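Survey of secondary and tertiary structure
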Amino acid sequence: MPRMRRRTFLYFVLTISVFFSSVGFAQRRTQPAVQKRPRLVLLIVVDQFRYDYLERFGDLFGPDGFRRLMRDGASWTQSNYDHMPTYTAPGHGTMMTGAYPAESGIIGNEWLDRATGKRITSVSDESVKLLGGNPNDPASSPSRLMASTVGDELRLATNDRAKVIGISVKDRSAILPAGRHANAAYWFSWLTGTMVSSTYYFKQLPGWVTNFNNAKPADKYFAVKWERVLPEAEYLKRAGPDDPKWEDVSNAWTPDTNTFPHTITGGVTTPGQKFYTALDYSPFTNDILVSFAQEAIVNEQLGQDDDTDVLTVSFSANDYVGHRFGPYSQEVMDVTLRTDRNIATLLDFIDSRIGLANTLVAFTADHGVSPIPEHAAAMGMGGGRVPFATVMGKIQAAISARYNPQGKTPDPSADYLLRFQEGTAWREWFINNNIYFNYDALKRDGVDVEEFSQVVVRAALSVPGIARCFSRLQLLRGATSVTDPIERRALHGFYPSRSGDVVMVAEPYKYIAETITATHGSPYSYDTHVPTIIMGAGVNAGRYLEPATPADIAPTLSAILRITAPSNSTGRVLVEALRK
Ligand SMILES: [Zn+2]
């Protein structure tokens, strides 16, 4: 300060001494000084990301992505979801509510709405309109979420000054972590290639979102070749050949190969719906999300004042790629390495604009994934597929044997399970491994529901590949053991007015799914074991071996923020990592 005038300098010294004496004064008082809250809570989610990816690829990560989270944050190595099905919506409905599906009501990505007989999604809402895409395309809202989120509670605590924004490729993954009282949620439309929202949040999109869309953010990836970011030898070492026989892309929604490079066009010559769908199965939507998150931070001035804002960013590309190629593929390895770079870019941007010291970061995933059944079979691990027709055939045969012993035609018990029309055929409702009873038909014929339940459960258990089966009555009565993790996870996934009447669990490495290459949903560790990392002021960095679950994130963030925990929060405050 060579040019500082003497008077200014004196004033400077005086201010400094007043500051230090007031610090000393505060320390002498018994009341602690009021601490500032972080300016931003950033939730980063990677859709379909097993805990073991952090270890399998750990030495290949750069210093500022996943490795920064593990180094500077508190990381729980034994973090498991404690519900099933381990799907996207239930996971995203848990992390910021601290509530299992039994409390959040988000029991699946989709379920049967008994009132209308329709298949609905966790966020579908016919009362709202889509913004930013085709106005008549289906729109979404958090109306079915039955619990408040950390963001909702921050809004209540700050008289709405806190801003809460959710971003993802999938609607459910943007909407559910943000909450019912969020300012906005934005997701990617695979119909129009734009970032969209709904009239649940506002009458029209903010100008910056329209500007983002006008620049056609998806189109610059048209015909781009997805290549490996590292030399092929590294992939051969870690993931094996690029085209193992269990990697089956023949039933893919959009044309693809099972080897690099993947050229992303969707089989069309100019960007359009098929291309945008194909883009979902590439790593590039993660890049779009990072750009969009940066725009949101700047234009919404997130983290610029003392009222803590919330930004949730859920990367979906990993899930699409994982379903198509499986967790041990070169493609999943590559999208994981690219996500590491995406997270580094996002954290660096926040550090430069808001400061990571002023940011509380949580990182997790909505579920893991199972090996491809044919891969698990080739490894001698008992992988396989349980055909839907075999399951339902056995159950219907048992129902007929008990309730139509004379073999009358038509079979009066043929409609005892709820059915839906698909084209010209009628199919039983079988969703989330749940079967739904037709109570009207059971009542009509005076069938005892408890006995009927037992007939269905016994029949399901007789199907090769079905390990466990629970009835509604059993779950409602609490006739399950909470020390048995599978029974407990079934109970935590059961919401009476939305769930079915019988819940099935396949054996490990087996799917009741005939076509999808790789998937998740089970109560087994490959689907439940995910990262839980919290980084920021007030958190002691380190590896923690205590059991944890992503349901612990919301109550722990609430404790650090000193706000009321979300309404149905049942998770644990992860006190072992909190500074006193
Ligand atoms: Zn998911």
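Up top is the structure.
What you see is a predicted model; the values in this text were computed from it and never measured. (Residues numbered from 1 in each chain as written. Predicted model: local features only at pLDDT ≥ 70, side-chain atom pairs only at ≥ 80, totals over all residues. Heavy atoms only, no water.)

1. What to know about the overall build of the chain
Worth spelling out the cut-off: Runs of H or I in DSSP of at least four residues are treated as helices and runs of E of at least two as strands, each being numbered from the N terminus. Within these notes, the globule rule equals 2.2 Å times the number of residues to the 0.38 power, and the radius of gyration is based on C-alpha atoms. Throughout, a residue-residue contact means that at least one pair of heavy atoms, one from each residue, lies within 4.5 Å. To measure how exposed things are, a 1.4 Å probe is used in the Shrake-Rupley method; for residues, cover is taken only from the protein chains shown. Charged residues are defined here as Lys and Arg on the positive side and Asp and Glu on the negative side; His and the ends of the chain fall outside this count. The atoms used to mark charge sites are NZ of Lys, CZ of Arg, CG of Asp and CD of Glu.
The secondary structure content of the chain amounts to 21 helices and 22 strands. The C-alpha radius of gyration of the chain comes to 26 Å, within 12% of the 25 Å expected for a compact globule of 580 residues. For the chain, the spread of C-alpha atoms along the three principal axes comes to 110 × 55 × 50 Å. Partitioning the contacts of the chain with sequence separation of at least 6, the portion at a separation of at least 24 is 74%. Total accessible area on the chain stands at roughly 24,400 Å², and carbon and sulfur atoms take up 53% of it. Each charge class in the chain was averaged separately, 59 positive and 60 negative side chains, and the resulting centres sit 7 Å apart.

2. A closer look at the coordination of the zinc ion
For clarity, the cut-off: For Na, K and Ca the donor cut-off is 3.2 Å; for every other metal, N, O and S atoms count as donors within 2.8 Å. Water does not enter the count, which can leave sites looking incomplete. Three labels apply to residues, based on accessible area from a 1.4 Å probe with only protein chains included: buried if under 20% of the type maximum, exposed if over 50%, partly exposed otherwise in between.
Surrounding the zinc ion are the protein donor atoms Asp-47 (OD), Thr-88 (OG1), Asp-366 (OD) and His-367 (NE2), at 1.9 to 2.2 Å. The sequence motif formed by the donor residues of the zinc ion is D-x40-T-x277-D-H. Of this pair, Asp-47 sits in the loop between strand E1 (40–46) and helix H2 (52–56) while Thr-88 is found in helix H4 (residues 88–95), placing the two residues 41 residues apart along the sequence. As far as the burial class goes, Asp-47 and Thr-88 line up, both buried.

3. Looking at the nonpolar core
Going by this rule: Nine residue types can take part in a nonpolar core, namely buried Ala, Val, Leu, Ile, Met, Phe, Trp, Tyr and Cys, and a core is a set of them joined through side-chain atoms within 4.5 Å.
In terms of nonpolar packing, the biggest core is built from 129 residues, with Leu-42, Ile-167, Tyr-186 and Leu-311 touching the most fellow members. Sequence-distant contacts of Leu-42, defined by excluding residues within four places in its chain, comprise Leu-311, Val-313, Leu-346, Leu-347, Ile-350, Thr-359, Leu-360, Val-361 and Ala-362.

4. Quick notes on the sheet that holds strand E7 (residues 184–188)
Put simply, the rule reads: Pairing between two strands is assigned when DSSP locates at least 2 bridges connecting them. The angle between two axes is taken between their N-to-C directions and runs from 0 to 180 degrees, where each axis is a line fitted to C-alpha atoms and a helix contributes only its stretch in contact.
Judged by pairing direction, the sheet is mixed, and its 10 strands sit side by side in the order E5-E8-E7-E6-E11-E1-E12-E21-E2-E22 without closing on themselves. Looking at strand neighbours, the two that pair on one side only are strand E5 (130–131) and strand E22 (542–548), the edges of this open sheet. One ladder, built from five bridges, connects strand E2 (residues 74–79) with E22; its direction is parallel. Counterpart to Ser-75 in the pairing with E22 is Arg-543. H4 contacts E1, strand E11 (309–315) and strand E12 (359–365) of the sheet and is inclined by roughly 160 degrees relative to E1.

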